[in-house]
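So the chains spell out like this:
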Amino acid sequence: MTLEEITSNSSPIQVASQNTSTLLESEPKNLHDPNTPYATLRINRNRLSWFRQIGSGIILDIRARAPWYMSDWKDAWNYRVIPATALIFFANVLPGIAFSLDLIETTEQYGVSEVLMSSFMAAFVFSIFGAQPLTIAGVTGPITVFNKTIFDILSREPKPPVYLHFIGWVYLWAAILHWITALLNFCNFLKYVTLFSCDTFGFYVSWVYLQYGIQVLTRQFGPTIQDSIEEQGALVSIILAILMLVTAFLFDSLSQTQYFHRHIRRFLADYGMPISLIASSAMAYWGRFNAANPLTLPTGHAFQAAGGRGWLVKFWELDGKWVGIAFPFGFILWVLFFFDHNVSSLMAQGSEFPLRKPPGFHYDFFLLGITTFLAGILGLPAPNGLIPQAPIHTTSLTVMGPSLKDEEGQGTTSSRTRTQSDIQSQRQSSINEQFSQHPSDPPSGHRREVPVSVVEQRLSNLAQGSLCLVLLTGPFLHLLHLIPRGVLAGLFWYMGAAALRANGITQKILYLFQDKALTSTHEPLRRVRKSRIILFIGVQLVGFGATFAVTQTIAAIGFPVIIMLLLPIRTFMIPKLPFSREELAILDGPTASPFTMASVGGTL
């Protein structure tokens, strides 16, 4: 299928190309008409007294998104859904399992089956019922740290409660707080989430990925190594990790060069990571690598919970004393999910993506409370929005085409991108080009490809979740067991390095080292004093360092609180530092466009 065919089969984007300022002045004729610009729907929302009308945010999210529900399935008839499903499946399930290895081996309360069930449950709920189906939810590193820390705390008690019963109450308290948050429209506080907070948290997540990749390998060099064969297996794991990292970046780099036909470059961008993973895994069974017998993923029996327990956790049997103790842990989990899930949703709907369908943060956060409660009942790690998988998912669904600037002397049109300032648009475009899974055509002699639309649908999320359920069958669990742990380490490094490369903090640091003679005169950072760039980066790195340091201690349970402190720091402290208004506008800005942020009452 050619690019022109893909573009022609995509949903029309004429609605999105209207000027937002005009939309905000008009009144919607029909609130349930999917052709009614979403910005106009938010006028009525802004006229409500949100904090007095319980559930108004959820109701308006449903009213805005419901007219698009059928098109969410019809629009899935597009080739972009296939590579998006393949990419996200590998980028979701394997890191989720690898993140959980320490939790599985330490607590013996969870297994691979629990991780796969959690991923499937999240995909099913948010793809079928969610207002933001582009957001990918699953098992993350923070939730595994959270659950393991609780296990370590309880294990110190002389008469500890049943672990899964206690976790069930932690999740129930967190779910109740989720529902209260959604009903009281507290998601409106997302207007205070800017690139400052997202870049800092994304920087932290990137380094967590890199750290976990190292830990996957170092655990194989523990005191359990008894002979040279085990040591050889650990060394082979390192080789496989490097092979996975190098081949994945090689395919990604080739997809952005001038070599090969553009269809081949696009194929490498879409399937380079899955091909690298499969090829690296196959190398473990070739020649002397196979003789070294490197460690692989541990798996259990088909559709069976860890230790042969039943899937239903009778958390109501917990003593009343422990029920009360579970509440502060539930509060911390709510803080983590409020920031983590909503930020991943914002990044999946960033202003660099030409989206046209409305978001729904209040309604989706209510659904997250339901999945958290179900996770407690079934004894699963609670799923939530994934970074960087969520924005990667949207990127993989982006349809590329020639820039209208080349054809008409005008920039690409989108209600989300046109409402941003020129500075913000240039910055987001730069980030998108570096992080995009799609190749750009050569800059000279050819028309440059830019995002022209996104295949906004529900099938890719549902399909990747359903594949997690397929993995729970006996034959596929055996295939999963064949994947070496070293390959997972390489996958962690690749995803962490790719996210780090696109992060705003990294971009600013690299700018400081650029030769100014070779830096574009249109670079917005040229208008910011170097000392102010360093100051802004310094504050972000302090926030990152504090978060990362806390997660290495017994106080790791409290790291979500530090993450949430980024919001008041940006709102109250940063404006008091010696930045001019123009400098602060260049250094920071809204994560998503006004089109998206209208769902939570606008931006700062």
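Residues numbered from 1 in each chain as written. Predicted model: local features only at pLDDT ≥ 70, side-chain atom pairs only at ≥ 80, totals over all residues. Heavy atoms only, no water.

J.: Would you mind showing me how to read the overall build of the protein chain here?
T.: Along its length, the protein chain carries 28 helices and four strands. A burial count over the protein chain gives 58% of its 604 residues as buried. In the protein chain, once contacts between residues fewer than 6 apart in sequence are set aside, the share between residues at least 24 apart is 85%. (Helix = DSSP H or I, 4+ residues; strand = E, 2+ residues; numbered from the N terminus. Buried < 20%, exposed > 50% of the residue type's maximum accessible area, 1.4 Å probe, protein only. Contact = heavy atoms within 4.5 Å.)

J.: Hey, could you run me through the pattern of salt bridges in this one?
T.: A full pass over the atoms with the stated rule returns 12 salt bridges. In this structure, Asp75 engages Arg356 in a salt bridge whose closest nitrogen and oxygen atoms are separated by 3.8 Å. One end of the pair, Asp75, is in the loop between helix 5 (69-74) and helix 6 (81-107); the other, Arg356, is in the loop between helix 14 (320-348) and helix 15 (361-378), and 281 residues separate them in sequence. For Asp75, a relative accessible area of 18% gives the class buried. What you see here is one network of salt bridges that share partners, running through Arg65, Asp72, Asp75, Arg356, Lys357 and Arg458. (Salt bridge = Lys/Arg side-chain N within 4 Å of Asp/Glu carboxyl O.)

J.: Would you mind going over helix 24 (residues 530-550) with me for this structure?
T.: An α-helix turns once per 3.6 residues; consequently, residues spaced three or four apart project the same way. Look at helix 24: 30 Å from first C-alpha to last across 21 residues, which is about the 30 Å you get at 1.5 Å a residue. Turning to helix 24, its buried residues are Arg532, Ile533, Phe536, Ile537, Val539, Gln540, Gly543, Phe544, Thr547 and Val550. Residues of helix 24 that are buried in the fold lie against helix 10 (195-218), helix 23 (504-513), helix 25 (559-564), helix 26 (566-573) and helix 27 (581-587). (Expected span 1.5 Å × (residues − 1).)

J.: Can you walk me through the environment of Ile537 in this structure?
T.: Positionally, Ile537 belongs in helix 24. The exposure class of Ile537 is buried, given its relative accessible area of 5%. Residues Ile537 and Thr506 lie 31 residues apart in sequence; the distance between their C-alpha atoms is 9.2 Å. Beyond its immediate chain neighbours, meaning those up to four positions away, Ile537 contacts Ile505, Lys508, Ile509 and Leu512.

J.: Help me understand the pairing of strand 4 (residues 449-454), please; the structure alone is not making it clear to me.
T.: Where burial is concerned, most of strand 4 is hidden: six out of the six residues are buried. With five bridges joining them, strand 3 (residues 398-402) and strand 4 adopt antiparallel strand pairing. Across the sheet, the residue bridging to Met400 is Pro451, located in strand 4. (Pairing = 2+ DSSP bridges.)

J.: Got a minute to help me understand the confidence of the model for the protein chain in this structure?
T.: It should be kept in mind that the predicted coordinates are not to be read in detail where pLDDT is low. With 82% of its residues at a pLDDT of 70 or more, the protein chain shows a mean pLDDT of 80. Predicted confidence is poor over residues 1-51, with pLDDT under 50, and the contacts of this stretch with residues over four places away or in other chains come to 107 contacts. Note on residues 406-446: pLDDT is under 50 here. Beyond four places in sequence and across chains, it has 120 contacts. (pLDDT = per-residue confidence, 0-100.)

J.: Would you mind going over the packing of helix 4 (residues 56-65) against helix 15 with me for this structure?
T.: Helix packing geometry: the angle between the two helix axes and the distance between the axes. Orientation of helix 4 relative to helix 15, taken along the N-to-C sense of each, is 105 degrees, at an axis distance of 7 Å. Taken together, helix 4 and helix 15 sit at an angle that is classed as roughly perpendicular. For the pair helix 4 and helix 15, contact is made by Gly57, Ile58, Asp61 and Ile62 and by Phe361, His362, Tyr363 and Phe366, respectively. Class assignment for the residues of the contact of helix 4 with helix 15 results in five nonpolar, two polar and one charged. (Axes fitted to C-alpha atoms, helices over the stretch in contact; angles between N-to-C directions. Parallel < 35°, antiparallel > 145°, perpendicular 65-115°, else oblique. Nonpolar A, V, L, I, M, F, W, Y, C, P; charged D, E, K, R; others polar.)

J.: Looking at this model, I keep getting lost on the nonpolar core. Mind explaining?
T.: Most often, soluble globular proteins have nonpolar side chains that are buried together. Counting 139 residues, the largest nonpolar core has Leu94, Leu116, Ile150 and Leu480 as the members making the most contacts within it. When residues in this core are grouped by element, the largest group, 14 residues, is from helix 14. Those residues in contact with Leu480 that lie beyond four places of it in its chain are Leu94, Ile97, Val112, Leu116, Leu297, Thr299 and Leu471. Membership of the second largest hydrophobic core comes to 12 residues, among which are Leu134, Phe353, Val450 and Val452. (Core = buried A, V, L, I, M, F, W, Y, C linked by side-chain atoms within 4.5 Å.)

J.: How should I be thinking about a nonpolar patch on the surface in this particular structure?
T.: Taken together, the side chains of Leu467, Val470, Phe476 and Leu479 define a hydrophobic patch exposed on the protein surface, amounting to about 310 Å² of accessible area. When residues of the nonpolar patch are traced back to their parent elements, those giving at least two are helix 20 (459-470) and helix 21 (474-481). For Leu479, a relative accessible area of 48% translates into the label partly exposed. (Patch = residues over 30% accessible without salt bridge, like charges linked within 9 Å, V, L, I, M, F, W, Y side chains within 5 Å. Areas by Shrake-Rupley, 256 points an atom, 1.4 Å probe, with all protein chains shown as cover.)

J.: For this particular structure, what's the right way to read unusual backbone geometry?
T.: Comment: phi is negative for the bulk of residues other than glycine, and the bulk of peptide bonds are trans. Of note, the bond from Ile387 into Pro388 is cis; its omega dihedral lies within 30 degrees of zero at 10 degrees. Tracing the sequence through the fold places Pro388 in the loop between strand 2 (384-385) and helix 16 (389-396). Residues other than glycine seldom take positive phi values, yet Asn185 does so here, at roughly 60 degrees. As for its position among the elements, Asn185 is in the loop between helix 9 (163-183) and helix 10. Using a relative accessible area of 0% as the deciding quantity, one classes Asn185 as buried. Of note in this structure, Phe260 is not a glycine but carries a positive phi near 65 degrees. Within the fold, Phe260 resides in the loop between helix 11 (228-254) and helix 12 (262-283).

J.: Is there a simple way to explain the side chain of Gln349 in this structure?
T.: Within the fold, Gln349 resides in the loop between helix 14 and helix 15. Taking the relative accessible area as the measure of exposure, Gln349 reaches 4% and is therefore buried. Within the structure, the side chain of Gln349 is placed 3.1 Å from the backbone oxygen of Ser345, a separation counted as a polar contact. (Polar contact = N/O pair within 3.5 Å; in protein donor to acceptor, adjacent residues only side chain to side chain.)

J.: Can you walk me through the packing of helix 7 (residues 112-128) against helix 15 in this structure?
T.: Running from N to C, helix 7 and helix 15 point in directions that differ by 150 degrees, and their axes come no closer than 10 Å. By the criterion of interaxial angle, the relationship of helix 7 to helix 15 is roughly antiparallel. Viewed along their axes, helix 7 and helix 15 form a crossing whose handedness is right-handed. Along its contact with helix 7, which presents Met121, Val125 and Phe126, the element helix 15 presents Asp364, Leu367, Leu368, Thr371, Leu374 and Ala375. The class makeup of the residues in the contact of helix 7 with helix 15 is seven nonpolar, one polar and one charged. (Left-handed = near helix turned anticlockwise from the far one by under 90°.)

J.: So what exactly am I meant to see when it comes to helix 20 here?
T.: For helix 20, built from 12 residues, the straight-helix expectation of 16 Å at 1.5 Å per residue is met to within 8% by its first-to-last C-alpha distance of 16 Å. Along helix 20, the residues classified as buried are Ser460, Asn461, Leu462, Gln464, Gly465 and Cys468. Where helix 20 is buried, its residues meet helix 5, helix 6, helix 7 and helix 16.

J.: Help me understand the environment of Ser280 in this model?
T.: Summarising the element assignment, Ser280 is placed in helix 12. It is 9.0 Å that separates the C-alpha atoms of Ser280 and Ile483, two residues lying 203 residues apart in sequence. Among all residues touching Ser280, those that are not within four sequence positions of it are Leu240, Leu243, Met244, Thr247 and Val487. There is a polar contact of 2.7 Å between the side chain of Ser280 and the backbone oxygen of Ser276.

J.: Sorry if this is basic, but what is going on with the packing of aromatic side chains here?
T.: Aromatic ring pairs are reported here in terms of the distance separating the ring centres and the angle at which the planes meet. Counting across every chain of the model gives 32 aromatic pairs. Here the aromatic rings of Trp179 and Phe366 are separated by 6.1 Å at their centres, their planes lie at 40 degrees, and the arrangement is tilted. Placement of Trp179 in helix 9 and of Phe366 in helix 15 is noted, with a sequence separation of 187 residues between them. Residue Phe366 is classed as partly exposed on the basis of its relative accessible area of 25%. A ring pair is formed by Trp334 and Phe338, whose centres lie 6.0 Å apart and whose planes are at 40 degrees; its orientation type is tilted. (Phe/Tyr/Trp six-rings, centres within 6.5 Å; stacked < 30°, edge-to-face > 60°.)

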